[in-house]
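An overview of the molecular structure
Residues per chain are reported as follows:
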Amino acid sequence: MCAAERIEYLAAIGLMLFAVACAPHAPAERAIPLGDWSPPLVVSDASNARDGSDAQGAADTGAAGDAGERAPLGGFPEQLELLDGKDKVGVVSVPLGAREPRPIMIVLHGGSEKPERACPAWRGITEAYPFVICPRGWGGNESRLGWRNPSDTNQRIARAVAATKKTFGSWVEDTRSLVLAGFSMGASQVAQLARRDPQTYRRIVVGDSAHDPRAALEFAGEWVTGGGERALFLCTTSGCEPSMRAAARNVARERGHARLNIAPTQVHALSDGAVQSMRRDWAWLVDGAEGWDRYAPPSETLPGKTEEFALQF
C-alpha cells in the first residue's frame, strides 16, 4: 500500500480509533498485506528444540505407567520459558495436576507486548486446561515485541511447539488441529494464519484487532471453505465492536459459526474483566474440538455479554 493510500485508509477508520481507549502498544500495529504467502505449520523434530533435557526426565517420570493411572503432572512452575538451544522462543502455561495428556493451543501476544505477560490471561480464560503456548514475537526490545508476517510467525510457532513437545513428551496430546488465539496485533496474525491454513486452525480467537481490521474482515471465505469451524471475536472497547461484529457476520455468511464476546472494560487489554468475560464463551469455542473432551467450563455467572451469529435463510 502506497503512502497516499495508507493515509486515506487511516482517515477512514479515524473515528473508530478515536473511540478506542488503548493501553500502550506498538505505534505501528498494522497487518501484513494479505498477499504475503505463508506455508502450513510444520513442527520440526522435537529433538532439536532444547538441549539438556532434565525437564523431559521429570515429565517422563510423571507420565510413567501409561497402561495405568498417571501421577498428576507436577515438578514445573505454572509458566515455563521455552528454549531452542540458547534461543528464547516463548513460554508455555503448564496444566499442573493433569492426569492425562492435554492438547496444546497457540496464543499470539499483542504489539509492544511479550509472551510472559500475555500467557497468564489465557491460562485463566481456559481454566488452565491445555498447554498454552505463547511464542515470542519479533523485535529487538524484549518488552516491545510484535509480529512481522505470517511466514515468520509460523516458524516462531513451530519452534515453540517443538520445545514444548520435547519438554513434556507424552503429556502432550497430539491433535490434527490446534486452537489459535491472539489479541490486537496478534489477532491480525491469527486471521491471516487461519486463512492460509484452515485445516490446522479450525477454532480461533480474534481479539480486538479493530486498530487494523482488514485481515479480520477478509479471512472468512477461505477459512470456512477450507475447514474452519468456529471463530470467537473479542471486544474490550466499544470502538472495537463495529468491525469485529462485521467480521463475525462474514463468518456466519460463509456458513461458519461465530460469536462476539463483549467484555465490560473499555480498556484495550486482556484485563481481569476481559478474562472473566471470555471464560463464558470458551466452552462454546472448544465444544467437540479434538483434545478438549475433558475440559470443564465454569459454572458461575460471568460478566460481559455475547452475541451469536448464524446464517439467516
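No experiment lies behind these values; they were computed from the predicted model shown.

Quick word on the overall build of the protein
When helices and strands are tallied, the protein shows 10 helices and 9 strands. Out of the 313 residues in the protein, the part that is buried amounts to 54%. When contacts within the protein are restricted to residue pairs at least 6 apart in sequence, long-range pairs at least 24 apart make up 77% of them.

So, the packing of helix 4 (residues 115-125) against helix 10 (residues 272-286)
Direction vectors running N to C along helix 4 and helix 10 enclose 45 degrees, while the axes themselves pass 8 Å from each other. With respect to their mutual orientation, helix 4 and helix 10 come out oblique. In this structure, helix 4 crosses over helix 10, and the sense of that crossing is right-handed. The segment helix 4 lies against helix 10, with Ala-121, Trp-122, Gly-124 and Ile-125 engaging Val-275, Met-278, Arg-279 and Trp-282. When the residues that make up the contact of helix 4 with helix 10 are grouped by side-chain class, the tally is 6 nonpolar, 1 polar and 1 charged.

Side note on the packing of aromatic side chains
If you walk through the whole model with that rule in mind, you get 9 aromatic pairs. Ring centres of Phe-76 and Phe-168 lie 4.6 Å apart, and the angle between their planes is 45 degrees; this geometry places the pair in the tilted category. With Phe-76 in the loop between helix 3 (54-63) and strand 1 (79-84) and Phe-168 in helix 5 (residues 150-168), this pair connects stretches of sequence that are 92 residues apart. Each member of the pair, Phe-76 together with Phe-168, is buried. Between Phe-219 and Trp-223 the ring centres are 5.6 Å apart and the planes differ by 50 degrees, which places this aromatic pair in the tilted class.

Some words on helix 5
An α-helical segment advances 3.6 residues per turn. Residues three or four places apart therefore align on the same side. Compared with an ideal rise of 1.5 Å per residue, which puts 19 residues at 27 Å, helix 5 spans 27 Å between its outermost C-alpha atoms and is within 8% of the ideal. Within helix 5, 14 of the 19 residues are buried, which leaves the element mostly enclosed by the surrounding structure. Between a side-chain oxygen at the N-terminus of helix 5 and the backbone nitrogen of Ser-151 the separation is 3.2 Å; the capping residue is Asn-149.

Considering the environment of Leu-96
Take Leu-96: it is sitting in the loop between strand 2 (87-93) and strand 3 (104-108). The exposure class of Leu-96 is partly exposed, given its relative accessible area of 34%. Taking the C-alpha atoms as reference, Leu-96 lies 5.3 Å from Leu-73; in sequence the two are 23 residues apart. Once residues within four sequence positions are removed from consideration, Leu-96 is found in contact with Leu-73, Gly-74, Phe-76, Pro-77, Glu-78 and Arg-123.

Concerning helix 6 (residues 185-196)
Look at helix 6: 17 Å from first C-alpha to last across 12 residues, which is about the 16 Å you get at 1.5 Å a residue. Among the 12 residues in helix 6, 11 count as buried, and that is most of the element. When we look at burial in helix 6, the residues that qualify are Met-185, Gly-186, Ala-187, Ser-188, Gln-189, Val-190, Ala-191, Gln-192, Leu-193, Ala-194 and Arg-195. Summarising the contacts, the buried residues of helix 6 are in contact with strand 3, helix 5, strand 5 (179-183), strand 6 (203-207), helix 7 (214-218) and helix 8 (220-226).

Looking at the confidence of the model for the protein
Mean pLDDT over the protein stands at 85; residues scoring 70 or higher make up 78%. Confidence drops under pLDDT 50 across residues 1-38; counting only partners more than four residues distant or on other chains, this segment forms 71 contacts.

Conventions adopted
- Residues numbered from 1 in each chain as written.
- Predicted model: local features only at pLDDT ≥ 70, side-chain atom pairs only at ≥ 80, totals over all residues.
- Heavy atoms only, no water.
- Helix = DSSP H or I, 4+ residues; strand = E, 2+ residues; numbered from the N terminus.
- Buried < 20%, exposed > 50% of the residue type's maximum accessible area, 1.4 Å probe, protein only.
- Contact = heavy atoms within 4.5 Å.
- Axes fitted to C-alpha atoms, helices over the stretch in contact; angles between N-to-C directions.
- Parallel < 35°, antiparallel > 145°, perpendicular 65-115°, else oblique.
- Left-handed = near helix turned anticlockwise from the far one by under 90°.
- Nonpolar A, V, L, I, M, F, W, Y, C, P; charged D, E, K, R; others polar.
- Phe/Tyr/Trp six-rings, centres within 6.5 Å; stacked < 30°, edge-to-face > 60°.
- Expected span 1.5 Å × (residues − 1).
- Polar contact = N/O pair within 3.5 Å; in protein donor to acceptor, adjacent residues only side chain to side chain.
- pLDDT = per-residue confidence, 0-100.

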